[in-house]
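Descriptive analysis of the structure
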Amino acid sequence: MDIASDSPLRSVPPSPPSLAPLHVLQVVGNGIVGGMERCVERLVAGLGRTGAFRFTVLCPSEGDFAGRIRAAGAEIGIVAMPEDPPWASIQMVASLIAAERVDLVHAHLPNAHLLSGLAARLAGVPVMTTIHGRQVILPDLEIHRMVGSHLSVVCRQSYYHALGLGVDRERVSLEPNGVDVDEFRPGPRPAQGVRAALGLAGDALLAGFVGRLSPEKAPEVFVRSAALLLQRLPDAHFVLIGEGPMKTQLRETIAGMGLTSRIHLHGGVDDVRPVLHDLDLLVSSSNSEAMPLALMEGMASGLPVVATRVGGVPEIVEHGGTGWLVAPRDYEDLAGRMHQMLTLHELRRRMGEAARARMERHHRLDRALERLADRMRAIARPAGAASTLAVARVPRMAAGPAQAGGRKAR
C-alpha cells in the first residue's frame, strides 16, 4: 500500500523487444469526459507509448471521449452497456477477447464491470475493475464475488472498506491517482482567460470550483458559501467551471440571490490549465470523492485549496499545510476558510508552494502509472495461455490507428 515515496522516480520500463505488448481491453461505462474518463485516457496514452502495452477501448457511444482515446493511440469499439447487458453485448465482447488475444480486461464503473466480468469469464481471461469512488458499492461487490474480478481502488478509505466487506486481500489493491506535474505547473495569468471573459480586473480576488455540476460534487454548497462570504468580502468573485445536470438550478439560485455579477457560471473548458492560472483559490465542496483529479491538478499548478474532508481528499490535502479541510455541507466553515485564504496573500503563497511540492513528491503520474502497470502485469493471464473461447481471427477494428508490426507469441 505504498501511496507515497521519497525514493527517486523510475519511468515505466519498455517491454523487451522479444515480447509482444500486453493487450489490455479497457471497458468504460461512460462516454462523457469526466475524471474517470480522463484517468483512462492518461493510462492509455502513458503506458501505450512505452511499447509494453497495447490498448483496445470499448465505450457505450461515440463522442468527445472516443475521439480523445483515438488520439491517444488506442483502437475504439462501441458496445451497448446498460445495467443489465444484453446477450449481444456479452457475446461481442467475449468474441473480441478471444479473437484479438486480449490478455487482461480492465473495467470502469459497475455496468462495464458486469459486462466485462461475464465476457471475460466466458473467454477465460482475467478481469480487474478500478473503483473510482470512495466506497465499493453493492453491484461491484456482487460482480466481484460472481466472477472473481480483481478490485483496484484509488484511496485508502476504499481499500479498507473493501476489506471490511470481506474482499480477500489478494483480490484488492491500492493504486492511487497521479497528476502530471510537468503538464500542470504554476504559470502566469493568461491575458485572455477566465478573468477577461468575465470582465474582471487582474487584481480581483477569484475563487473557483472546477468539476461536474452534479449532486455528489455539491456545487450548491460552494454557491451558498460564496453568498455568505460576499457579506464580508463584497468585491470578491467566484466562478464555477464545468457542466452538469444542476446547471439550470444553480443559475436560478444565483439569480434569485441577486449575485450574477459576483458568482459566475462559466461552463466547461477543453483545457483547464489556463483557468487554474487565473484563480487565487481552488475550492472542492463535494459530498463524495475518492481521489479527485481536479484537486490534484490545482495543487500541482500551485493553488492552495479548501476542500471537504471526504474519501481520499485528506490523503491529498495537508490540513494547515497545503490548504484547509472542512466537513461536507458545512457552508459556514467553508466560507470562513475561504475568507482566510482570500484575505491573507502570504498564506495563499505559502500554501500554494507547499501544494505544488506535495504533488511533486507524493502524487506524480509516472509513479501512479508504474504501479498500475505492475498490477496489470501481475493479474494478466500467463504467457502462452490460450482463451477458452475458440473463434476465428478477425481484422482489427478500423476505427483506431494501425498498429506497427505483428503480434509475437507471448
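Throughout what follows, the structure given in this document is the object of discussion.

1. Observations concerning the overall build of the protein chain
The number of helices and strands found in the protein chain is 15 helices and 13 strands. Among the 410 residues that make up the protein chain, the fraction classed as buried is 52%. Of the contacts made within the protein chain by residues no fewer than 6 positions apart, 70% connect residues no fewer than 24 positions apart.

2. Overview of the packing of aromatic side chains
The full count for this structure, using the stated rule, is 4 aromatic pairs. Look at phenylalanine 222 and phenylalanine 238: their rings are 6.2 Å apart centre to centre, the planes differ by 75°, and that puts the pair in the edge-to-face class. Of this pair, phenylalanine 222 sits in helix H8 (residues 219-229) while phenylalanine 238 is found in strand E9 (residues 237-241), placing the two residues 16 residues apart along the sequence. Owing to a relative accessible area of 0%, phenylalanine 222 belongs among the buried residues under this scheme. An aromatic cluster of at least three residues, connected via ring pairs, comprises Phe209, Phe222 and Phe238. For the cation-ring pair, arginine 337 lies above tryptophan 324, with the distance from its terminal atom to the ring centre recorded as 4.0 Å.

3. Looking at the environment of cysteine 39
Structurally, cysteine 39 is set in helix H1 (residues 35-48). Remark: the alpha-carbon pair of cysteine 39 and glycine 178, spanning 139 residues in sequence, is separated by 9.0 Å. In this structure cysteine 39 touches His132, Asn177 and Leu293, once residues within four positions along its chain are discounted.

4. With respect to empty space enclosed by the protein
Within the structure shown, the criterion is met by 2 cavities of 30 Å³ or more. In this structure, the largest cavity spans a volume of roughly 190 Å³. What lines the largest cavity is a set of 18 residues, and nearest its centre among them are Cys39, Arg42, Glu175, Asn177 and Leu372. Those elements that place two or more of their residues in the lining of the largest cavity are H1, strand E4 (104-108) and helix H15 (365-379). The residue makeup of the lining of the largest cavity, split by class, is 9 nonpolar, 7 polar and 2 charged.

5. Observations regarding the sheet that holds strand E11 (residues 281-284)
The strand order across the open sheet formed by 6 strands is E10-E9-E8-E11-E12-E13, and the pairing between neighbours is parallel. The two strands at the open ends of the sheet, each matched to only one other strand, are strand E10 (263-267) and strand E13 (323-326). Within this sheet the neighbouring strands show an average axis-to-axis angle of 20°, counted without direction. Of the strands in this sheet, strand E8 (206-210), E9, E11, strand E12 (305-308) and E13 are in contact with helix H13 (residues 331-343), which crosses E13 at around 170°.

6. Side note on the layout of surface pockets
The space that makes up the second largest pocket amounts to roughly 340 Å³. Surrounding the second largest pocket, 16 residues form its lining, Leu279, Asp280, Gly302, Leu303 and Arg349 being those nearest its centre. Those elements that provide at least two residues to the lining of the second largest pocket are helix H10 (273-278) and helix H14 (345-362). With 5 residues, H14 is the largest single contributor of residues to the lining of the second largest pocket. Taken together, the residues of the lining of the second largest pocket break down into 5 nonpolar, 6 polar and 5 charged.

Conventions used here
- Residues numbered from 1 in each chain as written.
- Predicted model: local features only at pLDDT ≥ 70, side-chain atom pairs only at ≥ 80, totals over all residues.
- Heavy atoms only, no water.
- Helix = DSSP H or I, 4+ residues; strand = E, 2+ residues; numbered from the N terminus.
- Buried < 20%, exposed > 50% of the residue type's maximum accessible area, 1.4 Å probe, protein only.
- Contact = heavy atoms within 4.5 Å.
- Phe/Tyr/Trp six-rings, centres within 6.5 Å; stacked < 30°, edge-to-face > 60°.
- Lys NZ or Arg CZ within 6 Å of the ring centre and 35° of its normal.
- 1 Å grid on protein atoms, 1.4 Å probe; cavity = no way out; pocket = protein on both sides within 12 Å on 5 of 7 lines; lining within 4 Å.
- Points joined across faces, edges and corners; volume = space filled by probe spheres on them.
- Nonpolar A, V, L, I, M, F, W, Y, C, P; charged D, E, K, R; others polar.
- Pairing = 2+ DSSP bridges.
- Axes fitted to C-alpha atoms, helices over the stretch in contact; angles between N-to-C directions.

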